[in-house]
Amino acid sequence: MSSVCLSMEGGAAASTPAALPYYVAFSQLLGLTLVAMTGAWLGLYRGGIAWESDLQFNAHPLCMVIGLVFLQGDALLVYRVFRNEAKRTTKVLHGLLHVFALVIALVGLVAVFDYHRKKGYADLYSLHSWCGILVFVLYFVQWLVGFSFFLFPGAPFSLRSRYRPQHIFFGATIFLLSVGTALLGLKEALLFNLGDKYSAFEPEGVLANVLGLLLACFGGAVLYILTRADWKRPSQAEEQALSMDFKTLTEGDSPGSQ
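As the structure is a computational prediction, the values presented were derived from the model and not from experiment. (Residues numbered from 1 in each chain as written. Predicted model: local features only at pLDDT ≥ 70, side-chain atom pairs only at ≥ 80, totals over all residues. Heavy atoms only, no water.)

## Comments concerning the nonpolar core
In this structure, Leu 34, Trp 41, Val 69 and Phe 218 are the most contacted members of the largest nonpolar core, which totals 45 residues. Contributing elements (two or more residues each) for this core: helix H2 (20–45), helix H3 (59–81), helix H4 (87–119), helix H5 (127–151), helix H6 (157–194) and helix H7 (203–227). The dominant element in this core, judged by the number of residues it contributes, is H3, at eleven residues. Discounting residues that sit within four places of it in the chain, Leu 34 has contacts with Val 65, Val 69, Leu 211, Leu 214, Leu 215 and Phe 218. (Core = buried A, V, L, I, M, F, W, Y, C linked by side-chain atoms within 4.5 Å. Buried < 20%, exposed > 50% of the residue type's maximum accessible area, 1.4 Å probe, protein only. Helix = DSSP H or I, 4+ residues; strand = E, 2+ residues; numbered from the N terminus. Contact = heavy atoms within 4.5 Å.)

What follows is the structure, given as structure tokens:
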């Protein structure tokens with residue numbers, strides 16, 4: 001009870017769970033290795049990246065891994081890592097990471113559509129492309145709605161409270177869909193590039209399979225951190241006061257009756 005009072009008075013910071021920093025560090029190690037291995041795969045076996053050439057396509061997988069997997073995952077972890085900072089600061093960081101992820105993903109989309117146009121290839125015929133467009137649209141809508149509810153100054157607190165569970169659910173769902181779509185794209189690229197050689201344990205195929213495992217492990221690590229109830233960011237004094245005011249308005253209670 002005393003710890004709650006101290007928190008309400010702003011006099012004490014909530015302690016960080018002992019295991020949380022290690023899991024976060026592990027997730028970052030996985031994520032950075034994932035990005036580095038994606039670059040290595042494209043550099044060693046796909047010729048690298050160059051916008052005005054046949055290598056333009058290679059910007060697509062790199063941008064999607066950086067944006068819709070690594071940065072999106074980090075944006076979701078902001079509220080676990082920055083536990084005692086001001087809520088407004090944490091919100092801004094959360095939103096900015098999502099903006100960076102969205103812009104980088106947009107570059108990846110432009111790269112693949114422009115490449116297809118130059119080569120005369122068909123667009124949006126594969127399951128990977130359908131899932132990719134779905135993820136990008138959902139991600140963009142999620143960011144717009146999140147900005148309107150949580151960063152826009154005029155949003156009523158009651159609407160924020162009602163929408164918050166949906167925002168959290170769709171955030172985790174879109175992240176999971178992003179990882180799944182990246183796995184589909186990786187498998188599609190291997191089948192196109194290697195064909196029958198894929199089953200002969202070609203070095204490129206082995207490296208790409210390891211890359212796929214890293215994708216799955218990074219996604220699992222982020223989701224595990226997010227779903228641990230005891231690792232959630234504790235409410236700050238200002239948030240508790242707003243919650244009590246909201247309860248007073250909706251249920252007719254008074255703060256003093258609690």
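## What to know about the environment of Val 179
In this fold, Val 179 is placed in helix H6. For the pair Val 179 and Leu 68, spaced 111 residues apart in sequence, the C-alpha separation works out to 8.0 Å. When near neighbours in sequence (up to four residues on either side) are disregarded, Val 179 contacts Val 69, Leu 215, Ala 216 and Gly 219.

## As for the pattern of salt bridges
What the rule picks out here adds up to six salt bridges. A salt bridge links Asp 114 to Arg 117; its shortest N-O distance comes to 2.5 Å. With Asp 114 and Arg 117 both in helix H4, this residue pair falls three residues apart, about one helical turn. Its relative accessible area of 58% is what places Arg 117 among the exposed residues. The salt bridge involving Asp 230 is made with Arg 228; its shortest N-O contact spans 2.9 Å. With a relative accessible area of 25%, Arg 228 lands in the partly exposed category. Salt bridges sharing partners connect three or more residues here, namely Glu 52, Asp 114, Arg 117 and Lys 118. (Salt bridge = Lys/Arg side-chain N within 4 Å of Asp/Glu carboxyl O.)

## A few points about the UniProt feature "transmembrane region" (unreviewed entry) in the chain
Under the UniProt annotation, "transmembrane region" (unreviewed entry) lies at residues 20–44, 64–82, 94–113, 133–155, 167–186 and 206–226. Taken end to end, residues 64–82 comprises 95% helix and 0% strand; its first and last C-alpha atoms sit 25 Å apart. This span, residues 206–226, is 100% helix and 0% strand, and a straight line between its end C-alpha atoms measures 31 Å. (UniProt positions renumbered as here; feature names shortened; annotations may be inferred.)

## With respect to the confidence of the model for the chain
For the chain, the mean per-residue pLDDT works out to 88, and 85% of the residues sit at or above 70. A low-confidence stretch, residues 1–11 (pLDDT under 50), is modelled with eleven contacts involving residues beyond four sequence positions or located in other chains. Segment residues 240–258 is flagged for pLDDT under 50; beyond a separation of four residues in sequence, or across chains, it makes 18 contacts in the model. (pLDDT = per-residue confidence, 0-100.)

## Some remarks on the layout of surface pockets
Computed from the structure, the second largest pocket encloses a volume of approximately 920 Å³. Considering the residues around the second largest pocket, the lining is formed by 41 residues, among which Phe 57, His 60, Val 112, His 128 and Glu 188 are closest to the centre. Listed by contribution, the elements that provide at least two residues to the lining of the second largest pocket are H2, H3, H4, H5, H6 and H7. No other element matches the nine residues that H6 contributes to the lining of the second largest pocket. For the lining of the second largest pocket, a count of residues per class yields 25 nonpolar, twelve polar and four charged. (1 Å grid on protein atoms, 1.4 Å probe; cavity = no way out; pocket = protein on both sides within 12 Å on 5 of 7 lines; lining within 4 Å. Points joined across faces, edges and corners; volume = space filled by probe spheres on them. Nonpolar A, V, L, I, M, F, W, Y, C, P; charged D, E, K, R; others polar.)

## A look at the side chain of Thr 38
Position of Thr 38 relative to the elements: it lies in helix H2. Residue classification places Thr 38 among the buried residues on the basis of a relative accessible area of 1%. Side-chain polar atoms of Thr 38 contact the backbone oxygen of Leu 34, separated by 2.8 Å. Excluding residues within four positions of it along the chain, Thr 38 makes contact with Pro 61, Leu 62, Val 65 and Leu 211. (Polar contact = N/O pair within 3.5 Å; in protein donor to acceptor, adjacent residues only side chain to side chain.)

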